[in-house]
Amino acid sequence: MPEVEITARRLTAGLAGARVESALAPGLVALKTFDPPLDALAGRELDGVRRIGKMLAVESGDLTLLIHLMSSGRLQLFDARASLRDRSSRVLVRLDDGRELRLREFGTQQRAWAKLLRSDAVAEDDAVAGLGSDAYPAPPLEELTGLLDQPRHLHPLLRDQRTIAGIGRSWVDELLWTARLSPFQRGADLDADEIEALHAACDEVLGAALDHYEDVIGATVPDKLPMPLQVHRRAGEECPRCGTRIEAIHFRDYVMCYCPEEQTGGRVLKDRRLSRLLK
Ligand SMILES: [Zn+2]
């Protein structure tokens, strides 16, 4: 959430009122729609960019370019156009003042995507229609209680966009650590105090991250954001609150970090057993 939100805010400041000269999708892999054609954006004025869950919506009147960055995509505004040989380019929206809004993706996988939709069809799109309530600001306590009332572990539950939208792999560790909850506690087993702690953590952690980004990020969002993380990616370091060694559990494509003293009753959880348990 916080990374996508600050991207939307900075792009809105930079793009509002800009006019599109042309739009193209090099390679076409990232573009998931063909009607309306991407070049329907040509000649239009952009209104701005808004966040929907973890997605970005570039809005221009009755057309919306919906974008999911996945784990390694970036949507940035550049003063000059990319070389067409730049293989990281996925979608290029060229502005008539020479600037370019560019969706790029790093690494070998091509997972970031874009869809050009009629604005009135965005809410019904598969990627949007199934989203749960947004994590920030946190939904009312009663609603959150209902959303979490599932027999699933908190770590996957909070990352499930159909349950609550906007929380990624990094921030779920921070939320659980802030609320002093085990990643393996089941949502349905939370008591009222625990749900309240999680509710407060959503606003506190995500709000503080956004404030941090507002302070340190200028007009352009950099490739690598200075994420203010306390436990995620900090395995082996001391817990900032109690000094206990932060432990990690490695999964195929992500790492879960936690403080054993404050979150799992002092137990250090074994990697393999629990990775099976989580499936
Ligand atoms: Zn601790």
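Refer to the structure above for everything that follows.
Rules and cut-offs
Residues numbered from 1 in each chain as written. Predicted model: local features only at pLDDT ≥ 70, side-chain atom pairs only at ≥ 80, totals over all residues. Heavy atoms only, no water. Helix = DSSP H or I, 4+ residues; strand = E, 2+ residues; numbered from the N terminus. Rg over C-alpha atoms; globule rule 2.2 N^0.38 Å. Buried < 20%, exposed > 50% of the residue type's maximum accessible area, 1.4 Å probe, protein only. Contact = heavy atoms within 4.5 Å. Areas by Shrake-Rupley, 256 points an atom, 1.4 Å probe, with all protein chains shown as cover. Lys, Arg positive; Asp, Glu negative; His and termini not counted. Charge placed at Lys NZ, Arg CZ, Asp CG, Glu CD. Expected span 1.5 Å × (residues − 1). Phe/Tyr/Trp six-rings, centres within 6.5 Å; stacked < 30°, edge-to-face > 60°. Lys NZ or Arg CZ within 6 Å of the ring centre and 35° of its normal. Core = buried A, V, L, I, M, F, W, Y, C linked by side-chain atoms within 4.5 Å. Donors = N, O, S within 2.8 Å, 3.2 Å for Na, K, Ca; no water. Tetrahedral: all angles 85-135°; square planar, octahedral: opposite > 155°, others 65-115°. Pairing = 2+ DSSP bridges. Axes fitted to C-alpha atoms, helices over the stretch in contact; angles between N-to-C directions.

(A) Focus on the overall build of the chain. Counting its secondary structure elements, the chain contains 8 helices and 12 strands. Radius of gyration (C-alpha) of the chain: 20 Å, near the 19 Å computed for a compact globule of 279 residues. Each principal axis of the C-alpha atoms in the chain carries an extent, and together these give about 60 × 35 × 35 Å. Buried positions account for 52% of the 279 residues belonging to the chain. A separation of at least 24 residues holds for 61% of the contacts in the chain among residues at least 6 apart in sequence. On the chain, roughly 13400 Å² of surface is accessible, and the fraction owed to carbon and sulfur atoms is 48%. Taking the average location of the 38 positive side-chain charges in the chain and that of its 44 negative ones, the two points are 9 Å from each other.

(B) Quick look at helix α1 (residues 2–15). Helix length check: α1 (14 residues) gives 20 Å between terminal C-alpha atoms against 20 Å at 1.5 Å per residue, within 8%. Of all 14 residues that make up α1, 10 are buried, and the element is covered over most of its length. Among all positions of α1, only P2, E3, V4, E5, I6, T7, A8, R10, L11 and L15 are buried. Two residues or fewer past α1, G17 is found with a positive phi of approximately 90°.

(C) Structural detail: the packing of aromatic side chains. One pass over the structure, following the stated rule, counts 1 aromatic pair. Ring geometry for F251 and Y254: centres 4.9 Å apart, planes at 15°, overall stacked. One exposure class covers both F251 and Y254, and it is buried. Above the plane of the ring of Y254 lies R159, whose end atom (NZ or CZ) is 4.4 Å from the centre. Positioned above the aromatic ring of W177, the side-chain terminus of R241 is 3.8 Å from the ring centre.

(D) Summary view of unusual backbone geometry. A cis amide bond links D35 with the next residue in sequence, P36, at an omega value of 5°. Its location among the elements puts P36 in the loop between β1 (20–24) and β2 (48–52). Residues Y136 and P137 are joined by a peptide bond in cis, for which omega reads -10°. Structurally, P137 can be placed in the loop between β9 (133–134) and α3 (141–148). The backbone of M70 shows a phi angle near 50°, a positive value even though the residue is not glycine. The backbone phi angle of R233 is positive, close to 65°, even though this residue is not glycine. Residue position: R233 is located in the loop between α6 (192–216) and β11 (247–250). A residue is classified by how much of its surface remains accessible, and R233, at 58% relative accessible area, is exposed.

(E) Quick look at the nonpolar core. In terms of nonpolar packing, the biggest core is built from 31 residues, with L158 and L198 touching the most fellow members. Among the elements of the structure, α3, α4 (154–159), α5 (169–178) and α6 are those that each provide at least two residues to this core. With near-sequence residues (within four places) excluded, L158 lies in contact with L148, I164, I167, V172, L176 and L198. Formed by 28 residues, the second largest nonpolar core is a distinct cluster that contains L31, V49, V91 and L95.

(F) Representation of the coordination of the zinc ion in the model. Only C239 (SG), C242 (SG), C259 (SG) and E262 (OE) from the protein reach the zinc ion as donors, at distances of 2.0 to 2.3 Å. Because the angles between the 4 donor atoms bound to the zinc ion fall within 97 to 117°, the donor set is best described as tetrahedral. One chain supplies every donor to the zinc ion, and in sequence these donors are spaced C-x2-C-x16-C-x2-E. Like E262, C259 is buried.

(G) Just the sheet that holds strand β7 (residues 100–105), in detail. A sheet is described by the order of its strands in space; here 4 strands give the open sequence β1-β6-β7-β5, paired in antiparallel fashion. Here the strands that pair on one side only, and so sit at the sheet edges, are β1 and β5 (73–78). Averaged over all adjacent pairs, the angle separating strand axes in this sheet is 15°, with direction ignored. The sheet contacts of α1 involve β5, β6 (89–95) and β7, and relative to β5 the element is tilted by about 25°.

Limitation: the analysis is restricted to geometry and does not speak to function.
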